[in-house]
Amino acid sequence: MSDEPGPFRFERVAIVGIGLIGSSMALALRDNGFTGPIAIADRNGEALRIAAELELGTSYHVSAAKAVMGADLVILAVPVGAMRATGRSIAPCLAEGAIVTDTGSVKEAVLEALNETLPETARIVAAHPIAGSEHSGPRAGFATLFHRRWSIITPADDTDEEAIEIVAHMWRTFGSEIELMTPQRHDRVLAITSHLPHLIAYNIVRTAYDMETVAESEVIKFSAGGFRDFTRIAASDPTMWRDVFLNNKEAVLETLGRFSEDLAILQRAIRWGEGDALFDVFERTRAIRMSIIDAGQDTAAPDFGRPRDPSNAPPEDEDERPINAVRR
Ligand code: NAP
């Protein structure tokens, strides 16, 4: 292996947590020409075994402390609730001046955990790629996950400028756009754009399954009416999302309060037959959807571009029903 690390401004990388995000970053590093060593750590032996099988790194460790030795860039891609323990365990083994960045979905709590556990010589650059999926683990990763997606970097007042630029350059090389904001602002913005939608999805799926008037088979059969789009989000990793809500408590509760007030207004409009009020809200929200498509953050294709699955459609004619079809 050559000593030339490719287009990146670091030479030895350690990735702690080789799930969806960690594995996608390992693949994106290689795909974009990083040729230096990548040490991978995960507490989960099976994830490490898969990472080795997929050749995501050059060495594999159960101990995060061992993995970070000699690395000039350390990427923490563990759940938000594991950041403090990870910081504590790697602290004694970090190279002087190493950049420690993370991918956590909450920023203020993660920065606090890292500031309190890492040595002063560590250059901490908190970051969050706004890219992901409901799949977890090293097999879920792919190199283009971050293409045309935002990566938010949340520097503190004293964050080393050069370290910010090195991390920003890495994300740009992965195809991301960079936005800088304070950790507090990040947590408030993500509370409404990501955390609340997940909470609503988890709750609507739970409610549908708990409703005694609707049979489970009907929920599945008629899910294309909108429900299945919530089920995709509600299939997201339980550990990750438990940690997000516990660590962005204030912003989520504030946003939830506002959401509940607006929901009560809709409830009232339905009760009193105020069609114009409902129409006005729906017209405004449709315009917001259009602006998301215009910004290239989603497809304008019908049904989110899903190919039409003929097995989901009801038969057009009773006579065309397959012989072995059973009426449910
Ligand atoms: P993931 O697929 O669930 O993988 C996380 C990995 O970290 C698992 O293998 C897990 O092992 C391991 N782990 C947990 N605690 C650890 C510890 N203390 N030390 C070492 N390894 C540990 O998670 P992910 O989706 O990649 O998310 C990683 C981070 O990126 C999270 O902070 C998340 O908030 C953030 N993020 C996620 C997304 C997304 O859509 N998924 C998007 C942007 C950012 P176990 O299986 O044993 O728990």
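Residues numbered from 1 in each chain as written. Predicted model: local features only at pLDDT ≥ 70, side-chain atom pairs only at ≥ 80, totals over all residues. Heavy atoms only, no water.

Glancing now at the environment of serine 236. Following the sequence through the fold, serine 236 ends up in the loop between helix H9 (227-234) and helix H10 (238-247). Taking the relative accessible area as the measure of exposure, serine 236 reaches 6% and is therefore buried. A sequence separation of 34 residues divides serine 236 from tyrosine 202, and the C-alpha atoms of the two residues are 9.0 Å apart. If near-sequence neighbours (up to four positions away) are discounted, serine 236 is found in contact with Glu134, His198, Tyr202 and Trp241. One polar contact links the side chain of serine 236 to the main-chain carbonyl oxygen of isoleucine 233, over a distance of 2.6 Å. (Helix = DSSP H or I, 4+ residues; strand = E, 2+ residues; numbered from the N terminus. Buried < 20%, exposed > 50% of the residue type's maximum accessible area, 1.4 Å probe, protein only. Contact = heavy atoms within 4.5 Å. Polar contact = N/O pair within 3.5 Å; in protein donor to acceptor, adjacent residues only side chain to side chain.)

A few words on the site of the ligand. Ile21, Asp42, Arg43, Val78 and Ser105 are the nearest of the 26 residues found near the ligand. At a separation of 2.8 Å, an oxygen atom of the ligand approaches a polar side-chain atom of arginine 43. Asparagine 44 has a polar side-chain atom sitting 3.0 Å from an oxygen atom of the ligand. Calculation on the ligand without its partners gives an accessible area of 910 Å², and the protein chains cover 85% of this total. Elements with a minimum of two residues in the shell around the ligand: helix H1 (20-31) and strand S7 (127-129). (Near = heavy atom within 4 Å. Areas by Shrake-Rupley, 256 points an atom, 1.4 Å probe, with all protein chains shown as cover.)

The next subject is the packing of helix H7 (residues 183-210) against H10. Interaxial distance between H7 and H10 falls to 11 Å at its minimum, and their mutual angle equals 120 degrees. On the basis of the axis angle, H7 is oblique to H10. Read as a crossing pair, H7 and H10 show a hand that is left-handed. Contacts between H7 and H10 involve Ser194, His195, His198, Leu199 and Tyr202 from the first element and Trp241, Val244 and Phe245 from the second. Within the contact of H7 with H10, the residues separate by chemical class into five nonpolar, three polar and no charged. (Axes fitted to C-alpha atoms, helices over the stretch in contact; angles between N-to-C directions. Parallel < 35°, antiparallel > 145°, perpendicular 65-115°, else oblique. Left-handed = near helix turned anticlockwise from the far one by under 90°. Nonpolar A, V, L, I, M, F, W, Y, C, P; charged D, E, K, R; others polar.)

To continue, consider the sheet that holds strand S4 (residues 73-76). Spatially, six strands are ordered S3-S2-S1-S4-S5-S6 in an open sheet, and the strand pairing comes out parallel. Where the open sheet ends on each side, the last strands, each with one partner, are strand S3 (59-61) and strand S6 (123-125). Between one strand and the next, the sheet's axes are offset by a mean angle of 20 degrees, whatever the strand orientation. Pairing geometry for S4 and strand S5 (residues 99-102), over four bridges, is parallel. Note on S5: the bridge partner recorded for leucine 76 is aspartate 102. Sitting on the sheet, helix H4 (residues 83-90) touches strand S1 (13-16), S4 and S5, and the angle it makes with S4 is about 150 degrees. (Pairing = 2+ DSSP bridges.)

By the definition in use, this model includes 13 salt bridges. Of the charged contacts, one joins glutamate 46 and arginine 49 as a salt bridge, the two residues approaching to 2.9 Å between their closest N and O atoms. Of the two residues, glutamate 46 and arginine 49 are both situated in helix H2 (residues 45-53); the distance of three residues between them amounts to about one turn of the helix. Relative accessible area serves as the criterion here: at 43%, glutamate 46 is assigned to the partly exposed category. The class of arginine 49 is partly exposed, set by a relative accessible area of 42%. In the salt-bridge network here, residues are joined through shared partners; they are Glu46, Arg49, Glu53 and Arg139. (Salt bridge = Lys/Arg side-chain N within 4 Å of Asp/Glu carboxyl O.)

Attention now moves to the nonpolar core. Ranked by size, the top nonpolar core spans 37 residues in total, and within it Phe10, Val13, Met170 and Phe174 carry the most contacts. Breaking this core down by element, the ones donating at least two residues are S1, H1, strand S2 (38-41), H2, S4 and helix H6 (161-173). Setting aside its immediate chain neighbours within four residues, valine 13 contacts Leu29, Phe34, Pro37, Ile38, Ala39, Ala71, Leu73 and Ile75. Judged by nonpolar contacts, the second largest core, of 32 residues, contains Val16, Ala41, Ala71 and Leu76. (Core = buried A, V, L, I, M, F, W, Y, C linked by side-chain atoms within 4.5 Å.)

Turning next to the domain arrangement of the protein. How big an interface is tends to be expressed through the accessible area that disappears when the partners come together. Each assigned domain of the protein is listed here: domain 1 (13-182) and domain 2 (185-312). Using C-alpha coordinates to define each centre, domain 1 is positioned 30 Å away from domain 2. Taken together, the 20 residues of domain 1 in the interface contact 17 residues of domain 2. Both sides of the domain 1 and domain 2 interface together cover about 1,500 Å² of buried area, and 55% of this is carbon and sulfur. (Domains from an automatic or database assignment. Buried area = accessible area lost by both parts, 1.4 Å probe.)

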